[in-house]
Structure formats: structure tokens, C-alpha cells
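Fold and geometry: a report
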Amino acid sequence: MKRFLQLIILNFIVNVINCNAQQQNHFTHFTTEDGLSQSSVFSIVQDDIGFMWFATEDGLNKFDGKKFTVYRPIENDSTSLPDLGIRKIYKDRSGKIWVLTLRGRLCRYNPHKNNFTRYYFNLDNNIIPPKIITLTEDNENHLWAVTTKGEFFIYDQKKNIFSYKKFNENTEKQFQSIHLQCLFVDKDNTFWIGTWEGLAKFNRKTQELKWYNSNSANPNSLGGDMVFNLAEDDNGNIWIASANGGISVFNKATSKFKVYRNDPAQKKSISSNRIMCILIDNSKRIWIGSFDKGLDLFDPITETFTNFSHNPSIASSFSIGAVMSIYEDKSGGVWFGTGGGGLNR
């Protein structure tokens with residue numbers, strides 16, 4: 001009985017130590033020394049088998065927990081990657097892995113053949129092929145690929161092609177004047193479009209766009225117009241990561257934004273206003289990646305932020321570089337891709 005109690009106490013102490021280690025900026029690193037092909041990781045995904053996939057400027061990396069396998073373009077091989085630099089990896093609801101390159105070309109990984117299928121996009125009277133910036137699925141399992149100019153393509157599973165989706169003249173005109181950065185579909189199947197000119201809510205049925213912009217005279221407006229990433233919490237609030245205005249949280253019921261910006265006088269405020277990415281994990285933790293101040297963890301109860309940044313004197317601290325991507329794996333582990341500092345977990 002005494003031995004049993006000792007084991008319980010020991011287990012408790014270990015858990016406390018592990019918890020404190022996380023709070024003290026303890027991360028496992030994966031760099032080029034471990035086999036990662038390049039130190040800037042733009043996107044992260046885990047496939048249905050369990051492999052981790054990482055997008056870098058020097059190819060697509062697959063990680064089995066021990067070693068990295070790197071995929072690069074092969075000359076005169078149309079079943080290889082079309083480009084070397086990878087922007088985004090996306091896993092659809094059926095488990096297929098889609099790979100988007102920095103030059104805007106799209107392909108799909110074929111696990112049984114260990115190769116790739118390339119996809120092509122055409123517009124009427126358009127000599128230059130459109131460049132895809134992002135892709136996502138709606139709540140009806142339609143896969144959408146979108147360009148920086150707001151040109152939408154929908155995937156036809158039976159024909160295995162992407163077809164251009166034309167909208168009404170007014171909407172098309174608005175799309176032509178923007179630089180689209182990200183696309184998010186919420187629980188209501190509404191499209192939220194992040195651009196360099198603000199945030200737009202797109203109703204596909206009416207084909208209407210409602211724009212939200214930053215206004216210094218209105219404290220309930222969007223924090224910054226350069227929107228890089230979007231997420232939704234359990235209450236249906238839309239979280240907006242802005243490269244020039246911190247984090248904004250949009251309340252659909254009130255149509256108001258709550259903005260979190262850095263306040264040098266407040267130690268527990270968000271560390272930076274230059275936000276690149278955001279993840280709300282399965283434990284409801286809200287992770288925020290910045291361009292210049294590392295990683296923040298938001299506490300919704302106290303509305304404060306805990307910062308994890310690089311400390312040269314602590315080997316296990318968060319690595320140097322902008323936080324470019326955040327992803328939660330099946331076991332609940334959270335991965336962080338940086339610009340120049342490799343991977344953190």
C-alpha cells in the first residue's frame with residue numbers, strides 16, 4: 001500500500017514538472033540537422049495513416065516519427081511535384097492530401113503509387129494560367145480552390161477536374177480589386193474571405209459580399225485590414241489574424257469586433273500586432289503565431305496571453321523565426337512551423 005501511494009505521489013510530481021516545463025518554454029525541435037529539407041515550414045498536415053507532412057521552400061517532407069522523406073520535382077516526370085517550393089498542404093474529409101506550390105500550382109498525392117496527380121485551371125480568354133492561393137471544403141464536401149483575385153474553382157469528383165465558378169457581375173468586379181489571402185468556411189457554411197484589403201463575408205446563395213474594415217474611429221471595427229488567417233470557436237465567433245492589427249474576434253450576434261493588440265504597459269497582452277496564424281485546438285486552447293514575437297497562448301477566462309519566444313540560454317525554448325503554421329495532430333500534440341527555425345512541438 002505504501003509503495004502504491006509512493007507511485008501515485010511520484011506520478012503527480014512528474015505531471016507537475018511536465019506542466020511547468022511547458023510553461024517554461026519547453027519544446028522539441030526538428031531542423032535540417034534531423035533531416036528536414038529546409039528550415040521554413042509554411043504548412044503542416046497529418047494523414048490518415050499517421051505520417052506528418054510539412055511544406056517547405058525545398059520540397060514536401062513526410063515524417064514517420066524517425067526520418068524525413070523529401071519529395072521534389074523530377075525533370076520530365078509529370079507524376080512528380082510541379083514545383084520545389086510548397087505553400088500549403090490540405091487534407092480533405094475523405095483523407096486525400098492536396099499540395100499547393102508557392103507558384104500557385106496544385107497536385108494531389110497518390111499514396112498507393114507514391115506519386116502526384118497535377119491539376120490545371122483555365123479561365124475564358126486567359127492566356128496565363130491562374131495561380132491558386134488556397135483551398136478548402138464547404139459543409140457540403142465541395143472542394144474549392146481560389147486565386148488571389150478571387151477566382152473560384154470547384155472540384156468535380158466524377159470528372160476529376162476543377163471548373164471555374166462564375167458569380168454575378170458586381171461580385172466579380174469586387175473580387176478583381178482585391179488580393180485574396182485566405183478562405184474559411186464556418187459552421188453555417190458561410191464563406192469568410194481574408195484579403196489585404198479587409199475581411200469579407202460571402203453569401204454564395206445571394207452572391208453578396210459584406211465587407212468589414214479597420215476604422216480607428218470605431219473601437220468595434222476590425223483590428224487590421226491585412227487578414228492572413230481565420231478560425232471559429234465553439235460559440236461561432238470568427239477569429240481573425242491580421243498582419244497589421246493583432247487579433248480580432250467577430251461576434252455574429254452583435255456584428256462587433258473585439259480587438260486584442262499589443263500594449264507595452266501590459267505584460268500579459270498579446271506579444272505582437274503582426275499575426276500570421278491561429279489555431280483553436282481540441283482542448284479549446286487558442287494558439288497565436290506572430291511574425292516577430294514568437295508564439296502566444298490565449299487564456300479566454302482571464303483574457304491574457306502567455307508568450308513563448310526564443311531564449312538563446314534555453315536549448316528547449318521556442319525556436320527563432322516567424323510562426324508560419326500551427327497544427328494539432330491526432331494525439332493532441334501541437335506542431336509549430338517557423339520561418340527559418342524549423343519545427344517545434
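Residues numbered from 1 in each chain as written. Predicted model: local features only at pLDDT ≥ 70, side-chain atom pairs only at ≥ 80, totals over all residues. Heavy atoms only, no water.

Looking only at helices and strands, one finds two helices and 28 strands in the protein chain. Taken over the C-alpha trace, the protein chain has a radius of gyration of 21 Å; the compact-globule value for 345 residues is 20 Å, and the two agree within 12%. The principal-axis extents of the C-alpha atoms in the protein chain amount to approximately 75 × 55 × 40 Å. Residue pairs in contact within the protein chain that sit at least 24 positions apart in sequence constitute 45% of those at least 6 positions apart. Surface summary for the protein chain: the accessible area is close to 18,000 Å², and the carbon and sulfur share equals 49%. Computed over 40 positive and 35 negative side-chain charges, the separation of the two mean positions in the protein chain equals 2 Å. (Helix = DSSP H or I, 4+ residues; strand = E, 2+ residues; numbered from the N terminus. Rg over C-alpha atoms; globule rule 2.2 N^0.38 Å. Contact = heavy atoms within 4.5 Å. Areas by Shrake-Rupley, 256 points an atom, 1.4 Å probe, with all protein chains shown as cover. Lys, Arg positive; Asp, Glu negative; His and termini not counted. Charge placed at Lys NZ, Arg CZ, Asp CG, Glu CD.)

Consecutive residues of a regular strand have side chains that alternate between opposite faces of the sheet. Counting buried residues in strand 14 (residues 180-185) gives six out of six residues, a clear majority hidden from the surface. Counting the residues that bridge the hairpin from strand 14 to strand 15 (residues 191-195) gives five residues, and of these N189 lies at a positive phi of roughly 70°. (Buried < 20%, exposed > 50% of the residue type's maximum accessible area, 1.4 Å probe, protein only. Pairing = 2+ DSSP bridges.)

Now for the sheet that holds strand 27 (residues 334-339). Pairing in this open sheet of four strands is antiparallel, and the strands run 1-28-27-26 from one edge to the other. Looking at strand neighbours, the two that pair on one side only are strand 1 (29-30) and strand 26 (322-328), the edges of this open sheet. Across two bridges, strand 27 lies against strand 28 (residues 343-344) in antiparallel orientation. Paired with G337 across the bridge in strand 28 is L343.

This part is about the sheet that holds strand 16 (residues 198-203). Within the open sheet, the four strands sit side by side as 14-15-16-17. Their pairing is antiparallel. Only two strands of the sheet have a single partner each, and these edge strands are strand 14 and strand 17 (208-212). In this sheet, adjacent strand axes meet at a mean angle of 25° when their direction is disregarded. Both strand 14 and strand 15 contribute to a ladder of five bridges, which runs antiparallel. (Axes fitted to C-alpha atoms, helices over the stretch in contact; angles between N-to-C directions.)

Once that is clear, we can look at the environment of K131. In this fold, K131 is placed in the loop between strand 9 (115-119) and strand 10 (132-137). When sequence neighbours within four positions are dropped, the list of residues in contact with K131 reads R103, G104, V146, T147 and T148.

Now for the nonpolar core. In this structure, F54, L60 and L343 are the most contacted members of the largest nonpolar core, which totals 24 residues. Among the secondary structure elements, those contributing two or more residues to this core are strand 2 (41-46), strand 3 (52-56), strand 4 (59-63), strand 5 (68-71), strand 6 (86-91), strand 7 (97-101) and strand 8 (106-110). Ranked by residues supplied to this core, first place goes to strand 3 with four residues. Every residue in contact with L60, bar those within four places of it in the chain, is listed here: W53, F54, T69, V70, Y71, L81, I86, I89, V99 and F116. (Core = buried A, V, L, I, M, F, W, Y, C linked by side-chain atoms within 4.5 Å.)

Before going further, it helps to examine the packing of aromatic side chains. In total, this model carries 46 aromatic pairs according to the counting rule given. Aromatic side chains F152 and F202 sit 6.1 Å apart centroid to centroid with 45° between the ring planes, which places their arrangement in the tilted category. Taken together, the positions of F152 in strand 12 (residues 152-156) and F202 in strand 16 put the pair 50 residues apart, joining distant regions of the chain. Each member of the pair, F152 as well as F202, carries the same accessibility label: buried. (Phe/Tyr/Trp six-rings, centres within 6.5 Å; stacked < 30°, edge-to-face > 60°.)

Turning next to helix 2 (residues 169-176). For helix 2, the full list of buried residues reads T171, E172 and F175. Viewed end-on, helix 2 has its buried residues packed into an arc of 100°, placing them on one side of the element. Opposite the packed face of helix 2, turned more than 90 degrees from it, sit the exposed residues E169, N170, K173 and Q176. In this structure, the buried side of helix 2 is in contact with strand 12, strand 13 (161-165), strand 15, strand 16 and strand 17. (Arc of directions from axis to C-beta.)

Among the structural elements, Q207 can be located in the loop between strand 16 and strand 17. In terms of polar contacts, Q207 uses its side chain to reach the backbone amide nitrogen of N168, at 2.5 Å. The residues touching Q207, leaving out its near neighbours within four places in the chain, are F167, N168, T171 and F202. (Polar contact = N/O pair within 3.5 Å; in protein donor to acceptor, adjacent residues only side chain to side chain.)

What follows is about the confidence of the model for the protein chain. In the predicted model, the protein chain carries a mean pLDDT of 92, and the fraction of residues at 70 or more is 91%. Long-range and interchain partners of residues 1-23, a stretch whose pLDDT sits below 50, account for six contacts in this model, where long-range means more than four residues apart. (pLDDT = per-residue confidence, 0-100.)

Counted according to the given criterion, the structure contains 12 salt bridges. Residues R103 and D83 are paired through a salt bridge, measuring 3.3 Å at the closest nitrogen-oxygen approach. With R103 in the loop between strand 7 and strand 8 and D83 in the loop between strand 5 and strand 6, this residue pair connects regions lying 20 residues apart in the sequence. Classification of D83 by relative accessible area gives buried; the value is 5%. (Salt bridge = Lys/Arg side-chain N within 4 Å of Asp/Glu carboxyl O.)

On to the environment of F68. Tracing the backbone through its elements, the reader meets F68 in strand 5. By relative accessible area, which is 11% here, F68 ends up buried. Along the chain, F68 and W53 lie 15 residues apart, while their C-alpha atoms are 9.3 Å from each other. Apart from residues no more than four positions distant in its own chain, F68 is found in contact with F30, D34, G35, L36, F54, N61, K62, F63 and L343.

Bringing the side chain of E172 into the picture now. Here E172 shows up in helix 2. It is K166 that comes nearest to the buried, bridge-free E172 among opposite-charge side chains, at 4.8 Å. Setting aside residues up to four positions removed in sequence, E172 forms contacts with Y164, K165, K166 and F167.

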